[in-house]
Structure formats: structure tokens, C-alpha cells
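# Structural characterization, general
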Amino acid sequence: MGAFDFLLQGLATAAEPMMLLYALIGVTLGTAVGVLPGIGPALTVALLLPVTYRLDAAGSLIMFAGIYYGGMYGGSTTSILLNTPGESASIITALEGNKMARKGRGGPALATAAIGSFIAGLIATLLLAFLAPSIVKVALVFGPREYFALMVLAFVTVSAAFGDSALRGLTSLFLGLALACVGIDQLTGQARLSFGVPELLDGIEVTTMAVAMFAVGEALFIAGQRNVQADEVTAVKGSIWMSRADWARSWKPWLRGTFLGFPIGAMPAGGAEIGTFLSYATEKKLTKHPEEFGEGAIEGVAGPEAANNASAAGTLVPLLTLGLPTSATAAIMLAGFQQFGLQPGPLLFATNPTLVWGLIASLLIANAMLLVLNLPMIGLWVKLLTVPKPWLYAGILLFATLGTIGANPSSFELGMLLAFGVLGYVMRLFGYPIAPIVVGLILGPMAEQQLRRALSISQGDWTTLVQSPIAAVLLGIAALALIVPLILRARGKGQVLSQLAGDED
Amino acid sequence: MKQFVLASLFAGALAMPAMADYTIIAPANPGGGWDQTARTMQTVMQEEGISPSAQVQNVPGAGGTIGLAQFASQNKGNADALIVGGYVMVGAILTNNSPVSLKDVTPIARLTGEYEAIVVPAASPIQDMKGLVEALKADPGAVSWAGGSAGGTDHIAVGLIAKAAGVDPTKINYIAYSGGGEALAAILGNQVTAGVSSLGEFDAQIKAGTLRLLAVSSPERIEGVDAPTLKEAGLDVELQNWRMVAAAPGLSDEQKAKVTADVEKMVKSENWQKQLSDKGWADTYLSGADFDAQLEKDVTSTEAVLKDIGLVK
């Protein structure tokens, strides 16, 4: 078993004191930049990549891995504490995480995110190391129609998982779908609903929308409430560490999240978001505390965070075995690898084993370093929440604006941030859930493109959608998920269901 | 002669005191080709002392036209501002009806470029370009082509191939993906008939034998690549997906000469050459009047083919 020897050798190199120091520097830098709201891991890695150029191959790989993991974790931290997700994959983390933080349970939320990320990263990296070549063969079977079926499944489970009023949930979802139509149609290159505004040609930026809906909308909502209740500011209630019950409720979601996130991340068009959505929907179905969902359920942080990290390791599967970057972060990593003369592709594991295993070992070490660095920092982070509310929300508005401008320096983008912030406020005011609109914006274009690609390849024959066994099974599951609750409702069990669904926002 | 010496001294004196402090706009998100080009320029300019504090700024959107519009309007006469762009921009300006075009900036030089490759999955019954053209002639709709975004280089290549083969370009069945990489998965998975993208995207797969390379879009055979050019295969198509650097509008001749000299110094440095070979980019450096002429030619032919495909009215 050559692979195992290579891994041990890589670990031995990566565990040298100097290398550990590089890993520490990388993780610290990555967390520091990633923690800025609106700045996701992709931008973090792009900004910090030149820092690694000065080192030798082993040193820069490990610092790079540190930056990568640090950037990802930094993004989750701000999602939980400030409700400002820096990338679409941490939107779900913000949902429950921020509710927990506001109830004084920011410590356990950050801890379950950190430990869940670590465990997911560990398992997924090992899966990557030993299964990558065989996983990629399975992933390639997924063509447009299979992806479309997967999107349909995600739609059905996700929209069922949000909110107790189906009408309001669907209204929000369809608003998102409508907004998703804005911009250049990818398949024909024609502009839709852009009204001649050049900034709208690429569609509405998901992170701008998410930050606006979650952070700006929330800030407006708080400001709109006349009677500011001072007693709400309970920054730390109970221990900042995870209790025995927290552990018991977290470990299964960590594992489930990992095994949902990794394979979907490994698919060339899977992406990280769908894994987090499905994990959230799953946890909500399986939890023993459905009443807490929407009010800060720890499972809702543990599962999606694990799925997010596992899918990040999953994206390395097509990157290393096919040379195929499937996310912005992966594209920048590809650029990073090339400086060491490493050309990802089907022959990589055979031609360049030392570097590949060095990278995998670096990922493992950086992952562990992240945990070591961040667990003690949690106490410090939650102090942020003791900042008085007006100050805190002023700060959130400032950072949301800075993050948007930093990622996309345009006054139009800023206008959109404000406009969607107002929309978020109005939706909160009238009790419409926020998450489905963002989910619609993310999943809408994916589903549409895959459907049209499938139909284009089959030259307009709709039966193609069910001719592939995988697509047929996925669509079947989606149909069941849709019909079974309808039947239950018709037989008078609707009460139970709406209780199960809970209140999301 | 005396005048020449004086003139160069004068130019030198102008250039000497102000060390350039370039800000390079990458009109795309981090990770893409333009972003990587801009960041590579940044590194080399810093290390070669051409511009010790060169910066990169990303202004993404709409095939680079948003970055281009912002660049042209905000930097008039600013000799320290540079923007990276490329062939994709030529198409995007046309399809998006962009109010700002490459005429509104000062193109300096073409830096690097990649040629297009036409591939089929290894399991495909199609063996060569002739077989593919025959299938295309028999039923254009039945041949699905996977490539990058609609109206981009890959799509234009397919349009040009169809036109050269005497097939109506509006009939082609082009399946657009967000990039050559995502298209690669569809080709490897046997979802489509053929694939078109930069050679670099397919290189590793061709070497591993999972893709069959039918032809490349270069004017002559590429060293180390075992495939005919499209011209050899009887199709009069030549296409390079190039990347360039441009300066701000409204520069004086001295300013333009200074920027051109700085870029040339960068391109000629060993550092730049090493970066190119590390990244597998070809050195297709072209500047001055030659580049202007090439640009003009590309704009005209691209406009024609986009009209043929039906993307530009």
C-alpha cells in the first residue's frame, strides 16, 4: 500500500516545528481576513496567496492549507456572530447559529462549528486521499438530467423545511426564483430583466443579497422596534463551552453532514450550498427538538457546517483527479498548485505523489491547527456580543457595507445592498421567511440551466429526464417528499406537520 | 542621430523620476484567467522593481465589460492604471451592447494566449475532424458541443467551424457551461458529442487517453501536440483566446511609451517567462501597431460570426 506510506511521509514532513509554525501563521491570517463580513474563502485565498510564494514547496503548501481552512472558519464565525454570511455555503449556518448567539449560546455555536468542521475535514480529507479516483468515476455519471433531478429534490426538501406557512414560504421562494432570472442567460447569452443596467448583466450577487437580507434587514428591523429591550442582550448565558447535551445533539449531525457534503462537493456541478441545504433539511426532520429549529437549534449549525467543510474537501476530488476547479476557491487553489509545477489531472497521483500527499498531509495538519487556535478564541469572539445593541448593529451595517464594496467596488452594488435590506425588513415585518428567497436565488439558475442543457442534448425530448435510472430515482424521492405530507394533511394530521415545521424566522 | 539621442534622453528624463505605481484592474472574479494574469503581472512587476507596490483590484461582471466601463470612465489620463482583458471581452462588448469598447481605452500589448482544441470522448465513434464535420453536415442539431459561456471564445469557435464547413451556424447545438472545466465533466461523462475549449483545459485528459484530440485552432501545428490544425483538416478557421493589458484613455504619447516600455520590460524578464511556463501559458507577446491591427481584425471577424450565430442582431 504505497498510498499510506506516502501519507505518513507527508505527515512527518508537515509535523516539523517550522512547518507547524507556517501552518499557524496561515490559519491566523486566513481567519483574520475571512472573519471580515462579506469576504468569503475565495477572496481570502486570492488575497493571501502571494504570501506563500516566498516559501519552499512544502512550506507554502502547508501555509496555503492553513489560509484555506482559516478563511472558511472565519466566514462561519461572522455568520454566527453577526449574521453576515461571506459566501453562499455559510448562509444556512447563519440561520440557526445567529439565533443561538443572540440567546447567549454563541460559545457552543462556535464550538460545534469548529469541532464539526474539524471532524468533517478530517473524514473528508481521508476519503479524498483513498477514494478520489473511484469517486470521480461515479461523479462523471451525473449529466444535466441527473443534476436537474438532484436540484428538484433539493427544492422540495428545502422549501418544505422552511417556515410554518406554506404560502409565505413559497412566496419568498418564488421571489427568489424571479430574482434569479435577472442577468445574462448562460445558455443563449441574452440579457434578461436587466433593463439596460450593466451591473445587472451578471445577475444578482448572492452574497450581496444574503448580507442585505440577513444583516441589513435585521438591523433595520431592530431599529424599527421602538421599545428596545435592554434585557435581550444576553451575550453569554451558561457556559461558553458545549454541554454534555450539546455534544449528544451534535455528533450525529456532524457525521450526517459529512456524508451529505462530501459526495455532493465531489460532483463537478454539485457545489457546497446544496449539501448544506440538504443537511439542514435532514436535521430538521430527524431532530428530537423541532420546536428549537428557527430559534437556535444546535443541530442546525453542526450539520450544515460539517457539510460545508466536507464539500470543500469534496471539491478537491475533481480538482486533483480531473484538473477541474468546481468553485472559485478551487480555481484559486489550482493557480496555487501551478506555482509548484503541479498540474492536476488524471495522472497526478501517479506522476507527482510526493506533492499530492504533501498537500493532503498539510490539509490534515492545518485542520488540526485551526481547532487548536480557534477553540481558545471563542471566549474572545463572544465578547463581541456584549457590545451594546445600537453599537453592534451600527458596526454590522458598517462591515456589511465594507464587505460588499470590498468584493465588488460599485455604487450600484451598494444600492442593491440597501434595497434588498429594505426588502428584508419588510418581509420580516410581515412574517415572511428570509431563507427561501436566498435559496431560490441560488438554486434557481442551477436547476434552469441543467434542465435546458438536458433538453438541448436530447433535442427537446422531455422523456430524457426519466430515462436515466439515477435521475428517475431522485425524481421519485422528490415526488414522495412532496406527496406524502399532502396525504398526511388530507387525513387530518396537518396540525402535527405544522408543529414539526416550526417557525424559521 | 543627435536628435534621436536628445529625444531618448528627454524620454528617459521624463520616465526616471516617477517610478510607476500601477493599479491593475482584473475585470473578473478571483480565480479566473484574467485575475491570474493580473496577479502574475503584479508579482513580476514587484519583483523586477518595475512597480514595487503594484496592486490588483477585481471588478467582476458581464464578460469584463463592467470593469472596462468603470476603468474607462474613472481613469482618463491616469498613466498608473492598467486593465487586463482579452478576446472574450471583444465578444462580450458586442453581445452585451456595451457602451464602452476597446476603442475607449489604450490597448498596450497582447501578453499570452491559448488555442482552442476540439475533442471527443475516447469512447466516441468519431475518429477525426472529418468524421465530426460529416456528422455535423448530416444533422447539425444531433451534434452537441460543450464549451464555455455563450458568446465566448468556445462558442465563436464552433460558429466558425460550422460556417467553414458550410453548415448554417444558427443550427448548431451549443451547450454552454460556465467554463471549459465544467464542460470537461460533461464531455468525459459522454453527455455530449464533442467539446471545445482552450487546449490547456483538456491537456491532461488527452495525455491520459480519456479524450481524443481532433484538431487545434492554431495557424501551425503546436509543438508536442499530436493533432492537425483546423486548416489542415480543411476548415479555414484560426482562433486564439488571447489576454492583453490596456492602459487608461487619454494618455499622452510619452505616457503611452512609458507604459509600453514597462510592460515590455516585464515580459522580457526571466521571472515572467518562468511564470508563463509554470502555468502553461504561451508567450504571444505583441505590441504597437501590429497589435492594433490584430485587434481590429479580431473585432471585425468576431462581430461577423456573432451575427451569424444570431447572438448579435
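Residues numbered from 1 in each chain as written. Chains lettered and ligands numbered in written order. Predicted model: local features only at pLDDT ≥ 70, side-chain atom pairs only at ≥ 80, totals over all residues.

## Section: unusual backbone geometry
When glycine is set aside, most residues are seen to have a negative phi, and most peptide bonds are trans. Here A:Leu193, not a glycine, exhibits a phi torsion of approximately 50°, which is positive. Looking at the secondary structure, you find A:Leu193 in the loop between strand 2 (191-192) and helix 9 (206-224). Phi at B:Asn190 takes a positive value of approximately 60°, unusual for a residue other than glycine. Relative to the elements of secondary structure, B:Asn190 occurs in the loop between helix 7 (180-188) and strand 7 (194-198). With 15 C-beta atoms packed within 10 Å, B:Asn190 lands in the partly exposed category. (Helix = DSSP H or I, 4+ residues; strand = E, 2+ residues; numbered from the N terminus. Buried ≥ 20, exposed ≤ 12 C-beta atoms within 10 Å, placed from the backbone.)

## Looking at the confidence of the model for chain B
Averaged over all residues, the pLDDT of chain B equals 83, while 92% of them reach at least 70. We note a pTM of 0.76 for the whole complex and an ipTM of 0.72 for its interfaces. (pLDDT = per-residue confidence, 0-100.)

## Here we look at the nonpolar core
Formed by 255 residues in total, the largest nonpolar core has its most connected members in A:Ile62 and A:Val438. Per-domain counts for this core show at least three residues from each of domain 1 (2-113 + 242-309) and domain 2 (114-216) of chain B. (Core = buried A, V, L, I, M, F, W, Y, C linked by C-beta atoms within 7 Å. Domains from an automatic or database assignment.)

## Some details on the packing of helix 4 (residues 87-95) of chain B against helix 11 (residues 288-309) of chain B
Residues and elements named next belong to chain B. Packing of helix 4 against helix 11 leaves a shortest axis separation of 10 Å and a crossing angle of 50°. When the axis of helix 4 is compared with that of helix 11, the two are oblique. Seen along the crossing, helix 4 lies across helix 11 with a hand that is right-handed. Taking contact as the criterion, the partners of Tyr87, Val90, Gly91, Leu94 and Thr95 in helix 4 are, on helix 11, Asp298, Val299, Thr302, Glu303 and Leu306. (Axes fitted to C-alpha atoms, helices over the stretch in contact; angles between N-to-C directions. Parallel < 35°, antiparallel > 145°, perpendicular 65-115°, else oblique. Left-handed = near helix turned anticlockwise from the far one by under 90°. Contact = placed C-beta atoms within 7 Å.)

## Digging into the pairing of strand 3 (residues 81-86) of chain B
On any regular strand, side chains alternate: one points to one face of the sheet, the next to the other face. Residues and elements named next belong to chain B. Counted residue by residue, strand 3 has six buried out of six residues, so it is predominantly covered. Where burial is concerned, the two faces of strand 3 agree: the one with Ala81, Ile83 and Gly85 and the one with Leu82, Val84 and Gly86 are both buried. Of the strand pairs in this sheet, strand 1 (residues 23-26) and strand 3 are connected by three bridges, and their pairing is parallel. For Thr23, the partnering residue across the bridge sits in strand 3 and is Ala81. Pairing of strand 3 with strand 9 (residues 240-247) involves five bridges; the strand directions are antiparallel. (Pairing = 2+ DSSP bridges.)

## Focus on the environment of B:Gln36
Looking at the secondary structure, you find B:Gln36 in helix 2 (residues 33-47). Note: C-alpha distance between B:Gln36 and B:Ala26 (10 residues apart in sequence) is 8.5 Å.

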